[in-house]
Amino acid sequence: MSHDGVGSRAVLRATAFLTAGALAVPLLTGCGSDEKASRPLAGQDIAQVTRDKVAEGGTVKWAVDALPETLNAYQADADAGTTRVAQAVLPSMFQPDANGRPAVNPAYLESAKVIETEPRQVVLYKLNQQAVWSDGREIGAADFVAQWRALSGKDSAYWTARNAGYDRIAKIERGASDLQVRVTFSRPYADWKSLFSPLYPKDVMGTPDAFNDGARRKLKTTAGPFRVDKVDTAAKDVVLTRNPRWWGQPAKLDKLVLHTVPRENRATALADGTVDVADIDAAEAGRIGAATGGTGAGSPLVGGGKTSAKKLRSWALAHGLESEKVAHAGQKKLRKAITRYLEEQEALRSFDVRKSLEPAYTQLALNGAGGLLADERVRRAVARALDRKELAKLVLTPLGLPAEPVGSHLALSGQAAYADNSGALGGQDTKEAQALLADAGWVAGGPVKAEKKADKAAGPESAKDEDEQSEGGKDGEYIVGEDDKNHDGESDDKNEHGDGSGRHLAQDGKQYSGQGGAPGAYAPKGTAAPAGAVNGPLAKDGQALNLRFVLPTGAGSETLNTVAGRISAMLEKVGIRTTVVKVPDESYFKDHIAAGDFDLALYSWPASAFPATDARPIFAKPAPAADGSVNVEQNYTRVGTDQVDQLFDQAASTLDEDESRDLIRKADTRIWAAAGSIPLYQRPQLVGVRKTLVNAGAFGFQTPVYEDMGFLKKGAKAAPSPSRS
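Parameters and conventions
Residues numbered from 1 in each chain as written. Predicted model: local features only at pLDDT ≥ 70, side-chain atom pairs only at ≥ 80, totals over all residues. Heavy atoms only, no water. Pairing = 2+ DSSP bridges. Helix = DSSP H or I, 4+ residues; strand = E, 2+ residues; numbered from the N terminus. Axes fitted to C-alpha atoms, helices over the stretch in contact; angles between N-to-C directions. Buried < 20%, exposed > 50% of the residue type's maximum accessible area, 1.4 Å probe, protein only. Parallel < 35°, antiparallel > 145°, perpendicular 65-115°, else oblique. Left-handed = near helix turned anticlockwise from the far one by under 90°. Contact = heavy atoms within 4.5 Å. Nonpolar A, V, L, I, M, F, W, Y, C, P; charged D, E, K, R; others polar. Salt bridge = Lys/Arg side-chain N within 4 Å of Asp/Glu carboxyl O.

(A) Highlighting the sheet that holds strand S5 (residues 122-127). The strand order S4-S5-S7-S6 describes an open sheet built from four strands, whose pairing is antiparallel. Every other strand in the sheet has two partners, leaving strand S4 (109-116) and strand S6 (169-174) as the edge strands with one partner each. The sheet shows a mean angle of 15 degrees between the axes of neighbouring strands, taken without regard to direction. Across five bridges, the pairing between S5 and strand S7 (residues 180-185) is antiparallel. Bridging from a neighbouring strand, Val122 pairs with Thr184 of S7.

(B) Representation of the environment of Leu647 within the structure. Checked against the element boundaries, Leu647 lands in helix H18 (residues 642-653). Taking relative accessible area as the criterion, Leu647 reaches 8% and is therefore assigned buried. It is 5.7 Å that separates the C-alpha atoms of Leu647 and Ala667, two residues lying 20 residues apart in sequence.

(C) Main features of the pairing of S7. Counting buried positions over the six residues of S7 gives five, a clear majority of the element. The pairing of S6 with S7 spans five bridges and is antiparallel. Within S7, the position partnered with Ile169 by the bridge is Phe185. Between S6 and S7, which pair antiparallel and follow one another directly, the connecting turn spans five residues.

(D) Structural context of the sheet that holds strand S15 (residues 538-540). In space, the three strands of this open sheet follow the order S13-S15-S16, with antiparallel pairing throughout. Each edge of the open sheet is held by one strand with a lone partner, namely strand S13 (443-444) and strand S16 (543-544). Sheet analysis places S15 next to S16, joined by two bridges and oriented antiparallel. Residue pairing for S16: Ala539 is matched across the bridge by Ala544.

(E) Looking closely at the packing of H18 against helix H19 (residues 657-674). Orientation of H18 relative to H19, taken along the N-to-C sense of each, is 165 degrees, at an axis distance of 8 Å. With respect to their mutual orientation, H18 and H19 come out roughly antiparallel. Every pair of crossing elements has a handedness; the one defined by H18 and H19 is left-handed. Note on element contacts: H19 touches H18 through Ser660, Leu663, Ile664, Lys666, Ala667, Arg670 and Ile671, opposite Gln643, Val644, Leu647, Phe648, Gln650 and Ala651. Residue composition of the contact of H18 with H19, by class: eight nonpolar, three polar and two charged.

(F) Broad picture of the pattern of salt bridges. One pass over the full model with this rule turns up 31 salt bridges. Two residues, Lys171 and Glu173, come together in a salt bridge whose shortest N-O distance is 3.8 Å. Note that Asp662 and Arg661 form a salt bridge whose closest N and O atoms lie 3.2 Å from each other. Among the residues examined, Asp662 registers a relative accessible area of 34% and is labelled partly exposed.

(G) Local environment of unusual backbone geometry. Following Glu118, the chain continues to Pro119 via a peptide bond in cis, the omega torsion being -5 degrees. Of note, Pro119 is situated in the loop between S4 and S5. Following Ser197, the chain continues into Pro198 via a peptide bond in cis, with omega recorded as 5 degrees. One can find Pro198 in the loop between S7 and helix H4 (202-205). One non-glycine residue, Glu633, adopts positive backbone phi at about 50 degrees. Among the secondary structure elements, Glu633 is positioned in the loop between strand S21 (630-631) and H18. Since its relative accessible area comes to 42%, Glu633 is described here as partly exposed. Backbone geometry places Asn695, a non-glycine residue, at a positive phi of 60 degrees. Within the fold, Asn695 resides in the loop between strand S23 (693-694) and strand S24 (710-711). For Asn695, a relative accessible area of 6% gives the class buried.

Spelled out as C-alpha cells, the structure:
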C-alpha cells in the first residue's frame, strides 16, 4: 500500500476491483424496488472503438511504478503490477462492471449461482467449455480445490497474505460434468463472488513450495489473452505476448510490456518513447495539455544567447522545471535544460490526457490511539471544522472532474452499498466544532506550560527520542498559525513522493496508488489567522491544542500538501493548531502511518465490491495480541467499536443481498459517528496515452479488456473523450 492509493483488491485484502450480475437464487438477489441506484460520478475515458477499427500487431509499453516482486497476487508483497499481469493472463470468475459491481466473466463462466442454502450454502459454477490453460488442460475442479487448500489458512506452510472466504469453504467437488464445480460452505458467505478471482493453475497452488516460490518471477501456465513471456530484471520489464491457446477474440497487440518508470519521470518517458501509456500527476497532465493545445509560452532561447541567466531561471521555474536543478545553474546549463524541456513539449503533442475518477478515495485519518484525539469530541470537532465540498473542489475542479465529497467509507457512487451517510457526523459547522471543544474542556487563552520538546503524536512512535525520529522531524515541521517563527516550509529530506491524481490506492492504496497539484502546503510567514478564528490557542491543563499533521514529501505530493494546508487553515479557524511534519515517502507508511506516529494524516483506500470482507480489517476494533501488543490489522486510525465489527460479520454471513447492503450502510454510519476517518474526495485518475492508442486510458471501475487494446487503423476515428465532449 502507498499513500497514493492502495492498489488492487488483491493487494488490499493481502494487506482489483471486482463486480457481478444477478446470479444468486432469485429470492436472494436484486435491490429493493424503491431503491434508486447511484451512478459513478465519472465514466471511463479510453478512446473506445470496435475491434474492426484496431490494427493488428504492435507493442504497447505501459509504465508501472516498480517491477513486481511476485506474480502471485495472494502473497503479501503483491502490488499493482502483479494485479495488472494477473488481469491479462489469468482467469477471474467475476470482474467489475462500469458501476463497480461484480459481474460474471463470460470468458470463463457460463453461470455461477447459489443453488442451495440449507443445510449449507452451495454455489454451482458452470465453466465455459472452451476455457483451457495454456498447456491444453481444461480449467476445472482440480484448480478450484488447489486454490482453496492453499488459501484456507489451515496449512501454515503456505505463505499467504489472506484467507478471507476460503476459510469458510467445507468442500469442493466436481459437478454433473467436468465443466461444473460445486463449492459447499461451512458457514454462509455473502461475498462468495470474490473467490477464485484470479484463479491460478493447480501447479502453482498445489504445494507450498510452488505457491511460495514458483510464481514469483515466472508463470508457466496461464489462461488469458496474453501469457508471461519473461520478467526482465535488467530492463525492469514484464513482457506479455499473445496466448496462442486463448479461445476468445485474439489480442490485437503482439506484445504488452510493463516497464518500470518512477512517477517523477513519467512525462519524460512519454516524450522520449520509453512508454506509450502512463498514470501521471496533475502537473504532467498540464504539460501535455499545454503541448497539445498549443498554449506554450514560447522559447526564451532567442537573441543569440543574450538572455540573462536570471531570466532563463525565472522562465524555467515558471514552467515547472525542477527547482533544485535550476536554482543555482549557470546560463549554459539553463539553456540546455530549457532546450530539453521544449523538445519534450514538442514530443508530448502526440499524447492525450484521458481522465476519470479512480476507484479509491482520499481520507483524513485521525489517530485515536491516545493523546488529544483519543477524545471523540475532539475528533468530531476536527470533522465539523472541515468543508469537504471545498476540499473536493480544490483537487478535482481544476482537472475538469466532478467535485463531490465522498459520502461513504465502504463504497463509492455507483456501487450497490453506496449511500451518503456523512449526516451521522454532520457537515461543516464552526460553532458546533467550537462547542464540542469547549465541552471537552478546551478554552481560549488558557495557560500553556512550556515544554522542552514538541508534543508527540499518539501511538508507538511517539515514545521515540528526538534523535531517533525519521527525517522530517524538527527541520521538516512548523506550527500553522504561529507567526513569530521562521516557517519557510522547507525540509531537509532527500527522498521524495505523494497523493494527487493517479494511485496508493489502500493500493492502495498501494495503492492504493496518482498525484499532482499546485504547491502551497504551508502558510507564508506572517499569514493572518482566518476570519472568525479563535483568539489565542486553545488550552487544557496547561497543554495547547496542537495536532501533528504528518505528510509525505517529493514528486507527486503537491496535492496532498495543498489539501493539508487548506485543512490546517480550517482547523485554525476553530482554535486547533497543527504542526506540519514532512517525512520521506519511503518511511511514510511503515514508520508513521502503520506505526501510529501521527495525529493527522492523508492517505487513500480503494473501493471494493465486497466491503463486508475487504473493509473489515480497515475498520476493525484493535484487539490485544498474544504477545501483549495491539493488533490493529489495517485500522491505522486505531478507532473501532464492537458494534461495527458485529455489523461487518452479519453482512458477510447473510445471503440476502438487500440485507447485507443495509448492514454495510449501518456499519458505515457508525464509522462516520466515531470520527476516526473522514473521506474527502474520490481520487483523480489521469493517464497520459499516445493518441493513436485505443481502448486504453482511464478505466474507472472497470477491468481493461486487454485483447481489444491496440493502435487505431489509418482513417478510423475513435469516439470523442467524455471529458472533452
